[in-house]
Structure formats: C-alpha cells, structure tokens
Amino acid sequence: MGSAVNEQGIKYNLEAFHKAGIGGVEITPIYGVRGEESNYIPFLSEKYMHMLDYTVKVADSLGMKVDMVQGTGWPFGGAQVEAKHAATKLMVDSLFLKKGETVDRDFEVNQEGVALLHVLAFGANAYYKDLSDKVEEGRLRFQADRDLTLYAVYAGKTAQKVKRAAPGGEGFTVDHYSQSALEDYLEPYNEKLKSGIRAVFNDSYEVYGTDFTPHFFEDFEALRGYDLKPHLPLLIQKENSEKANRIRGDYRETISDLLKTRFDRPWTKWAHEHGYRTKLQAHGSPGNLLDLYATADIPECETFGSMPFDIPGFRREADDIREGDADPVMLKFSSSAGHVMGKPLISSETFTWLRDHFKTALSQCKPELEELLLNGVNHVFFHGSTYSPPEAEWPGWKFYASVNFSPQMTIWKDAPALFRYIKNCQTLLQIGQPDNEIGLYWPIHDVWNGYHEGRLLYQFQIHSLKEWLLDTPFYALANELMDSGYSVDFLSDEFIATARVESGKIVFNGGAYKALVVPKAKYMPLATLDKLKSLKAEGATIIFEDLPESVPGFRDFESRALKLNDRLESLVPVPNVMQALKSGGVEREEFGKLGLKFIRRKHEEGYIYFVVNHGSKDFEGFLNLQSKGNKPVLFDPDTEMLGMASQNAQGAVRIQLKAGKSIFIRTDQKAVKQEWSYYKTLPQAVVLHGPYTLKFLEGGPVLPPAHDKLEKLGSWTELGQEEADFSGTAMYSFEFVKPKTKADAWALVLPDVRESARIWLNGKYLGTLWANPFTINLTDLKAENTLKIEVTNLTANRLRAKEMRGEEWKIFHEINMVNKDYKPFDAKKWKPMPSGIVGEIKLVPLEKD
C-alpha cells in the first residue's frame, strides 16, 4: 500500500511467509495508507528499485521467488503513457447533407490524443466515397451532389486511468492493440528493471471501452482482406442482419489478433530478452482466450466468489458469500492453453472474495482449491496478503478485497496445514505431463459472429459467463464429457493448425489426444475444416456432434460457404458422441459415475491420479483405472500417509475416501514397504463426555478467563461478552477411559469445529484438523487418556468488537474498505460467529479390513 515499505518490514513479512510454508510472492503496488504519506515510495524511483532488490535478496536467502505486476494496480498503464499511446476507442460523428448543401466545418476535436482519421460519405444505393483527401488541417469544404450522410471517424480516447494505482504509477491505461504503445510503455523497465525477479505479471483484462487503435483500418485490411471503411454504417449501427453480424465478427477477430500479436506475444518476447517469465490473465479480454493464455509462460485463471459443495458440514452461509464464477469449464481455458502448448505451470488467482472479510475458514478454502487442481492448476497464488509493517496496529493494513492471508489473521496459526497440503498436491501435479484423452474444439466464431445487441466489443469475462458460455452447445458437451469420465482440453483454430498425427493420436507441442471432438457449431473457418479432414485422413479420430453451417466473416463468404459445403459431403455427424468415442476405442474413467472427481498425469514411469470426493457420502470400493503402470501406491496429501494399495483379481484399486477428502493414486513409482491401512467402522460409537476445561491461550482483544467444568460443548461466544468478542486460540482438555469395545484403532470424530483444531493425545501431538471431515485416527489408546484440543476461531468477532468500541481501523485511501457486495464495510451489523467445538465428540471403533 503506497509502496510504503522498509527493509525491516520486508524481512518481517517474507520470513513470516516462509515460516508458514509459502514459496514466493507477487508484488502489486496499490494506493496508500492514511498517515503514511511521508513513507510513500514513488514507483520505479531509485528508492523503489532498491527496495525491490532488497526484497529479491531476502526472498532468495529463504529459497523464495519474487514476481511483480508490471505497473501498479491494474491494468497496464501509468505515468509513462502519453495520450497518443493511451487506450483508444472508435469515435464517429455524423452529419446529414441534402443534395446541393455545402459543408464548411472544422472536424478536429479539442481533446488530447484524439485524432481525426477519415471523413466518409454514404448515400442511397450503396454509394460510398472517402472524402479524407479533401480535409485540410481538419477542415472539410464540400458540396453534396446527392443526399449524403457524412461520418467523421476518430481514434478517440477512453481516458481510463490505472485502477488502484500506487504513488508514481498513476496515468492512462495503455493501448493494448498497439505494439508501438507497448514498446513505449516498456521503456522505463528497459532502463530500470535489473532485479532478479522470476516473472512479470499482467492482471485480468479490466480495460474498459477500448475497441480501437489508430492504425486499425490498415491492420483490418491486412488481416481480413478487405477495406472496412465502406462498411462503417453496418459496423456501428445496431442492425441485426447476416452481413452486419459478419462484419462485426471480422472486427472482433481483428481486435483479438492485435491483442495477441501486437501486445501479448511481444510482451513475452521482451520478458525473455530480459531474463523473465510472463504470467498472464487473459480472461476479460475481447480476444480468443485460448490463444491469449498461450502467449504467456504461465497462464493464470481466477476464481471470484464462493462455489457450492455437498460435503457434509461444509458451511456456505448466504450472508457471508458472493455467488462464485469459478465454473470448471471456465477454469479449463487457461489450463487447456498450457497443456496444448506445453507450459509446465498453470497458475491461479485464488480465493478472491471467497467470503466476506475476516470470515473465511481454512475448511472453506479446501474444496475451492481442489476445483482448481482438478481442472489443471498446479501453481496456486493467494489473493492475497497486504504488506503490513510489524508495528502497525491490529489488524494491520488490509486490501479491500477478501481473503487476506497474513500473520495478523487468526487463520494464520493453522494455515501451514493448508500450505503443506497445497505443496504436497502441487509437487505431484507438476510431475510429467497432463494426460487428457479429448481435445474439444471451441467455436469462438459463433460468439464473434453473433449479434449481441449490436455491441462492437465482446469481452469474455468471468462475471458474464451466461452471455458467452453457459448456454452454448460447447459448454453442454464439455460438461457431458467430463461428467462421463473423460479428461478434456479445449482447442482453438490456431491450436488445430499445429496438430499432427502420431500412432493415431492427435499431437501438439504439449499434449496428445486420442480424439478431437467438434461440438455443434454454426461457423467454422475453411482452414480449420481442411485441417480436421487431413488429420482424419491420417488416422486420427475426429468426431463431429454436428456439421458447421457456414464460414465466419464477410469477405467472399458466399463462395467460401459453397466450398465448405463441398468439403462437408464426406463427413457425417454422430448421433451420440459418447457412443462414438467408445466405438473408436476411447475409453473413459469411471470416477464420474461413482461420484468422484479426478485429474490424471503421466510420465515415463507411469501415471498419477488425483482423486477428490466432493460428494455427500463417503466412498468405499474398487476403481478400474484406464491408465495402468506399476502396482498402485496411495498417498494422502493431508496426512502424508503412504502405502501400497489393495487390488482385486481384475487389478482394480481399492480406496476409502471420506466426503471432503482427496487421495493420490500413483502407478509411476516402485513399491513401498508399508501397506495402506484400510478400516471398517464398527457400530459401537462412544460419546466423550466432560467435564471439559477451556483455557484461552492467545488472541484478543483480551484473554477471557478459563472455564474449568464445562459439562456441554457449545460456542464459547455464549459464555460471556469477553468470550463473544474474542478471536484467537483456546485449549479444550479432558480425560476419558478407553472404551471396552475391542478395536484396532479409534476414529476421533469432532462435531462442528469453529474453525481448526490441533490434537494432542496423552501429550503427543497427532495433527491438525482444518477441513471437513474433522476426524483423526487414534491407534494407541491407554486405559486412561488425556485429550487436548487447541481450537482457533476466525478474526471476525474481534474485528466486530473493535468496531463496536468505535475504534477506527479503515485508514486506507481510495476505495478504503467495502464488503462482499462492494457496499461500505460495517462489522457492527454482524452477530458473533460461533467459535470453538459445538456438539458431541465421539470415538468410533475401527477394525482393520
């Protein structure tokens, strides 16, 4: 915030992150803190670069990496962006002239950066004339020889400034369709950026209203093969006709091409020349997301809001959430680009607005995280942590968007368990290559050539999925394939152009597929159809759900459509894609029908399956894996238990997976010594009654007094006002006698835990329970036992109490603090959140099976 950092604070924060298990940081400078103005460091100043160098040095000493946004706030822009290189929009002024009427007018606009490009005349019977050569110093003198409408065409300016800019980073958003604008934008970095950072980052495309660039007409003609100017009325008017929609489709495709070839690819080239990698969020842009994600070294998706899960005990209170946009199909656009093009890392901006401020539990993070991993992400970034100096008053400096992972938050105490879980998962999910069977064509031209209420620009935003994704045949087929047990990546026309056939598989730089499936699509480029036919002729399995109706775009579309129809004569759509895949020998995994989710990877030694149970019931059974290798080994990324799996006579793998749990099945390594422990639940569960002792250990605003003889476990907020205001950690302790039931082990089953629990049995630490199901196995009970359970609640109650006392902590410039609905934040409206252990603790006898 305000780039108001110092060496002591940098070291403090990095060491705290490192100790907790975080492997690196990404720097995003934003607006500042009130009262800290004298400590602001201007962006890219000598002092700023010194602090960046120091950050890299400290991080390196801790084995951490540093990425940075190439700017401040978002999107790309700043003080170095001159008006001529600022984000541009098409501006058109019209004037009607009757026959014989004379115009003598200055068409120049008195706005910095705005340039008059053309004056065009249109009349009846498709009359068109370019009057630009008659304009002298912005003035047109002209007499109409017929009724005419004149259009003055400008390269206008959106005047958008950088959002949430840091000091010294304020300025215009840069033109994202101009390579000269990009090169001008990068010039300060050529001179000043010498630090050993790992990657530069381009955040989500929140560039609004920019639909043009000064040389657009020339670029359009070079790319689309015809002059756009004679068709300007059809382009800008809201006519819903085939011709108008095709012209707008060409316009949108050209914008996509410019973003890809004049900005994103040159940016990555620049980064490589300077020794950096690029990390890109393409969503929100008007371009082909698959092609744009593929321009970066590390494609990055984003989650926003909260998704529903059927896991028993999983809480998703309506008052605390925003409905989420993390649709699995949307997530796969970034991972598909990475998989097809051979990018080893797929990252994610994770947990943005998962819950309202201070209300996110670790248990609520886990399934959201797993959805990312299941859809190809293997390189998670948290959104986020705000630099806060150690001397800052609690709760420290905070960003306006939740969630905040930082040492000031109570969840930080047990967050290392989550971080270790992520590390264990990512370690395996970065091995080898993805192993997906199906390449699914994305017919983007159906979107580009659609009407869309006549809008020129069409942006593929995660917040508007219903407009461009959810109601499409592509989306329906993608979900049908995935739900049926197929692994799927999405393919663009550009991807398909690079495909080749090897041993019947469709091969790309980074992946090989057993089949390529084309969903129902109205439009398909001739080149794509020709490539698909060529692949099919070489022995590839190409399946059409339906045949395209026409070609996209305007130029010579009638003749091109006839050629398309000729080429379609030899192709037959299938009545059932699933049956066609099976007939073609493309088998699917059975996870879906069993209520499980999975992702699979491969390398020289075998296969790695990541399997998750997000359902409402525990799973017990044998899995028939389509991809086999060595004898399977099971690994629990939470407990780090490892063991040889049991198999039946057919080679199916036995797993027991409780609702909310995950497991890795590995056939890529040699046998391990220990066997996996399978247990059968016996019916004689025992309730562990009190009295219970409750002692408050750390937190605030004050430590409540201990409670020695609690007969019932309920929310500690009901014990008194100090308890209701408290956020932190408390210890439950009690004694119990070993039940008489004969058992090989006992499952300690906790009820409603608010929010995480550390378990000690007879003085021995057993582990941390931080997500559903809150259960842990006990294997060495004595005749008499002492159980201690440290429980940490959320920060919300302490924050509420602080506001109730009238203490101000929202001390930030610009947006300051908002709630999940982007309304003023007010914790005084909250009720105390339940805290501690609520309900009965049980011991369930287990028998080895």
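Residues numbered from 1 in each chain as written. Predicted model: local features only at pLDDT ≥ 70, side-chain atom pairs only at ≥ 80, totals over all residues. Heavy atoms only, no water.

Observations concerning the overall build of the chain
What counts, and what does not: A run of DSSP states H or I qualifies as a helix once it reaches four residues; a run of E qualifies as a strand once it reaches two. Both are numbered from the N-terminal end. Just to be clear, the radius of gyration here is over C-alpha atoms, and the globule rule we use is 2.2 Å times residues to the power 0.38. Summary of the burial criterion: residues with accessible area below 20% of their type's maximum are buried, those above 50% are exposed, and those between are partly exposed, where the area comes from a 1.4 Å probe applied to protein chains only. Should any heavy atoms of two residues lie within 4.5 Å, those residues are considered in contact. Accessible surface is estimated by sampling points in the Shrake-Rupley manner with a 1.4 Å probe; for residues, cover comes only from the protein chains shown. A residue counts as positive if it is Lys or Arg and as negative if it is Asp or Glu; His and the chain ends are not included. Positions of charges follow a simple convention, taking NZ of Lys, CZ of Arg, CG of Asp or CD of Glu.
Within the chain, the secondary structure is distributed over 19 helices and 44 strands. What you see for the chain is a C-alpha radius of gyration of 30 Å, in line with the 29 Å of a compact globule of 849 residues. Expressed as a percentage of the 849 residues in the chain, the buried residues total 60%. Partitioning the intrachain contacts of the chain with sequence separation of at least 6 by distance along the chain shows that 79% fall at a separation of at least 24. In the form shown here, the chain has an accessible surface area of approximately 33,900 Å², with 48% of it arising from carbon and sulfur atoms. A distance of 4 Å separates the average location of the 102 positive side-chain charges in the chain from that of its 117 negative side-chain charges.

Brief notes about the pattern of salt bridges
For side chains of opposite charge, pairing can occur when their charged atoms come near one another. Rule in force here: Each reported salt bridge corresponds to a side-chain nitrogen of Lys or Arg within 4 Å of a carboxyl oxygen of Asp or Glu.
Per the counting criterion, the structure on display carries 53 salt bridges. In this structure, Arg-139 engages Asp-104 in a salt bridge whose closest nitrogen and oxygen atoms are separated by 3.0 Å. Here Arg-139 is found in strand E9 (residues 139-143), whereas its partner Asp-104 is found in strand E5 (residues 102-106), with 35 residues between them in sequence. For Arg-139, a relative accessible area of 28% corresponds to the partly exposed category. Using a relative accessible area of 48% as the deciding quantity, one classes Asp-104 as partly exposed. The shortest N-O distance in the salt bridge between Arg-600 and Glu-437 comes to 2.9 Å. Taken together, the positions of Arg-600 in strand E25 (residues 597-603) and Glu-437 in the loop between strand E17 (433-434) and strand E18 (438-441) put the pair 163 residues apart, joining distant regions of the chain. Since its relative accessible area comes to 2%, Arg-600 is described here as buried.

Side note on helix H2 (residues 46-61)
Side chains of residues three or four places apart in an α-helix project in the same direction, reflecting 3.6 residues per turn. Defined as follows: Expected helix span is taken as 1.5 Å per residue step, with the number of steps being one fewer than the number of residues.
The end-to-end C-alpha distance of H2, which contains 16 residues, comes to 23 Å, matching closely the 22 Å that a straight helix rising 1.5 Å per residue would cover. Three or more residues of H2 are buried, namely Tyr-48, Met-49, Met-51, Leu-52, Tyr-54, Thr-55, Val-56, Val-58 and Ala-59. Looking at the packing, one finds that the buried side of H2 touches helix H1 (7-20), strand E1 (24-27), strand E2 (65-69) and helix H3 (179-192). Just past H2, the residue Gly-63 takes up positive phi, approximately 75°.

Brief notes about the side chain of Asn-819
To keep it simple, the criterion reads: Any pair of nitrogen or oxygen atoms within 3.5 Å is treated as a polar contact; in protein, a donor-acceptor pairing is required on top of that, and neighbouring residues in sequence qualify only through side-chain atoms on both sides.
For Asn-819, the location among the structural elements is in the loop between helix H19 (796-804) and strand E43 (836-838). Among the residues examined, Asn-819 registers a relative accessible area of 17% and is labelled buried. Among the polar contacts made by the side chain of Asn-819, one reaches the main-chain amide nitrogen of Asp-821 at a distance of 2.9 Å.

Looking at the environment of Leu-682
Within the element layout of this structure, Leu-682 appears in the loop between strand E32 (679-681) and strand E33 (686-687). The sequence separation of Leu-682 and Asn-630 amounts to 52 residues, and the corresponding C-alpha distance is 33 Å. If we ignore the near neighbours within four places in the chain, the residues touching Leu-682 are Lys-742, Val-844, Pro-845, Leu-846 and Glu-847.

Points about the sheet that holds strand E21 (residues 505-507)
Put simply, the rule reads: Pairs of strands are assigned from DSSP output, requiring at least two bridges between the strands.
Spatially, the 3 strands line up as an open sheet ordered E20-E21-E22, and their pairing is antiparallel. Strand pairing shows two members of the sheet lacking a second neighbour, strand E20 (500-502) and strand E22 (512-513), which therefore form its edges. Judged from the 2 bridges that link them, E21 and E22 form a sheet pairing that is antiparallel. Counterpart to Val-507 in the pairing with E22 is Ala-512.

Description of the packing of aromatic side chains
To keep it simple, the criterion reads: Working definition: rings of Phe, Tyr and Trp (its six-membered ring) pair if their centres are within 6.5 Å, and the pair is stacked with planes under 30 degrees apart, edge-to-face with planes over 60 apart, and tilted otherwise.
What the rule picks out here adds up to 57 aromatic pairs. A centroid spacing of 6.3 Å and a plane angle of 55° characterise the contact between Phe-76 and Phe-263, whose relative ring orientation is tilted. Placement of the pair is Phe-76 in the loop between E2 and strand E3 (77-78) and Phe-263 in helix H6 (residues 242-273), with a sequence separation of 187 residues. Judged by relative accessible area, Phe-263 falls into the buried class, the value being 0%.

Details of the pairing of strand E14 (residues 298-304)
Of all 7 residues making up E14, 7 are buried, and the element is well covered by its neighbours. Pairing of strand E13 (residues 277-280) with E14 involves 2 bridges; the strand directions are parallel. Looking across to E14, one finds that Leu-280 is bridged to Pro-299. Sheet analysis places E14 next to strand E15 (residues 347-352), joined by 4 bridges and oriented parallel. If you follow Cys-301 over to E15, its bridge partner there is Ser-348.

Here's the deal with unusual backbone geometry
With omega at -10°, the peptide bond leading from His-383 into Gly-384 counts as cis. Tracing the backbone shows Gly-384 in the loop between strand E16 (379-382) and helix H10 (415-429). Between Gly-700 and the following residue, Pro-701, the backbone shows a cis peptide bond with an omega angle of 10°. Structurally, Pro-701 is set in the loop between strand E34 (692-700) and strand E35 (707-710). Phi angles above zero are rare outside glycine, and Asn-762 is one such case at about 50°. Inspection of the secondary structure puts Asn-762 in the loop between strand E39 (756-761) and strand E40 (764-769). Given a relative accessible area of 27%, Asn-762 falls into the partly exposed group. Backbone geometry places Asn-816, a non-glycine residue, at a positive phi of 55°. Structurally, Asn-816 can be placed in the loop between H19 and E43. For Asn-816, a relative accessible area of 13% translates into the label buried.

What to know about helix H8 (residues 328-341)
We apply this condition: To get the bend at any residue, fit one axis to the seven residues that end at it and another to the seven that begin at it, then take the angle between the two axes.
Taking 1.5 Å per residue as the helical rise, H8 with its 14 residues ought to reach 20 Å, and the 20 Å between its terminal C-alpha atoms agrees with that figure. Bending of H8 peaks at approximately 35° at the position of Ser-334. With 12 of 14 residues buried, H8 is to be regarded as a mostly interior element. Looking only at H8, the buried set comprises Val-329, Met-330, Leu-331, Lys-332, Phe-333, Ser-334, Ser-335, Ser-336, Ala-337, Gly-338, His-339 and Val-340. N-capping of H8 is provided by Asp-327, with a side-chain oxygen placed 2.8 Å from the backbone N of Val-329. In the stretch just after H8, Gly-342 is the one whose phi turns positive, near 75°.

Points about the packing of H8 against helix H13 (residues 473-483)
Applied cut-off: Lines fitted to C-alpha atoms define the axes here, with helix axes fitted over just the stretch in contact, and angles between the N-to-C directions of these axes take values from 0 to 180 degrees. Orientation categories follow fixed angle ranges, with anything under 35 degrees roughly parallel, anything over 145 roughly antiparallel, 65 to 115 roughly perpendicular, and all other angles oblique. By the convention adopted, Pro, Cys, Tyr, Trp, Phe, Met, Ile, Leu, Val and Ala count as nonpolar, Lys, Arg, Asp and Glu as charged, and the other residues, Gly among them, as polar.
Packing of H8 against H13 brings their axes to within 10 Å, and their N-to-C directions diverge by 90°. Compared by their axis directions, H8 and H13 come out roughly perpendicular. Touching Val-329, Lys-332 and Phe-333 of H8 are Phe-474, Tyr-475, Ala-478, Asn-479 and Met-482, all from H13. Looking at the contact of H8 with H13, its residues break down into 6 nonpolar, 1 polar and 1 charged.

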